[in-house]
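Per-entry structural report
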Amino acid sequence: DVQTRHAVGWDYAPSSFLLHNARHEIADVLGRWEEDGGLAGRPLVCFRVRDTHGVETTLAFDPSEDVWLLWEQHAR
């Protein structure tokens, strides 16, 4: 479950996500890019984010399937 907000320069950006029944508020969007590899073969919209605890994560949205994917987490 990912919540989004309006963003300057993009249509949207993630503002929080739910992982293991815990809500993670996003403090910073560090970057945005598109990458091949969506479920239907179309590009994913990827966001590198940092939550309020300093944990960096890559969230990827597959617009063709309307689904969010979590790629990785790294504690700072």
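Provided above is the structure to which this section pertains.
1. Section: the pairing of strand β1 (residues 2-7)
Working note: regular strand, side chains alternate between the two faces of the sheet. Sheet topology note: the β1/strand β2 (residues 10-19) ladder contains five bridges and is antiparallel. Pairing of Gln-3 across the sheet is with Ser-16, part of β2. Between β1 and β2, which pair antiparallel one after the other, the connecting turn spans two residues, and Gly-9 there sits at a positive phi close to 90°.

2. Some words on the pairing of strand β3 (residues 22-35)
Bridge count between β2 and β3: four bridges; the pairing is antiparallel. Directly across from Phe-17, in β3, lies its bridge partner His-24. With antiparallel pairing between neighbouring strands as the criterion, β2 and β3 make up a hairpin whose turn holds two residues, including His-20 at a positive phi of roughly 55°.

3. Here we look at the nonpolar core
Counting ten residues, the largest nonpolar core consists of Val-2, Ala-7, Ala-13, Phe-17, Leu-19, Ile-26, Val-45, Phe-47, Val-49 and Leu-59. Those elements that provide at least two residues to this core are β1, β2 and β4 (44-51). Setting aside residues up to four positions removed in sequence, Val-49 forms contacts with Pro-14, Ile-26, Asp-28, Val-29, Leu-30, Val-55, Glu-56, Thr-57 and Leu-59.

Each value, and the rule that gives it
Residues numbered from 1 in each chain as written. Predicted model: local features only at pLDDT ≥ 70, side-chain atom pairs only at ≥ 80, totals over all residues. Heavy atoms only, no water. Pairing = 2+ DSSP bridges. Helix = DSSP H or I, 4+ residues; strand = E, 2+ residues; numbered from the N terminus. Core = buried A, V, L, I, M, F, W, Y, C linked by side-chain atoms within 4.5 Å. Buried < 20%, exposed > 50% of the residue type's maximum accessible area, 1.4 Å probe, protein only. Contact = heavy atoms within 4.5 Å.

Read these as layout, nothing more, since geometry by itself doesn't imply function.
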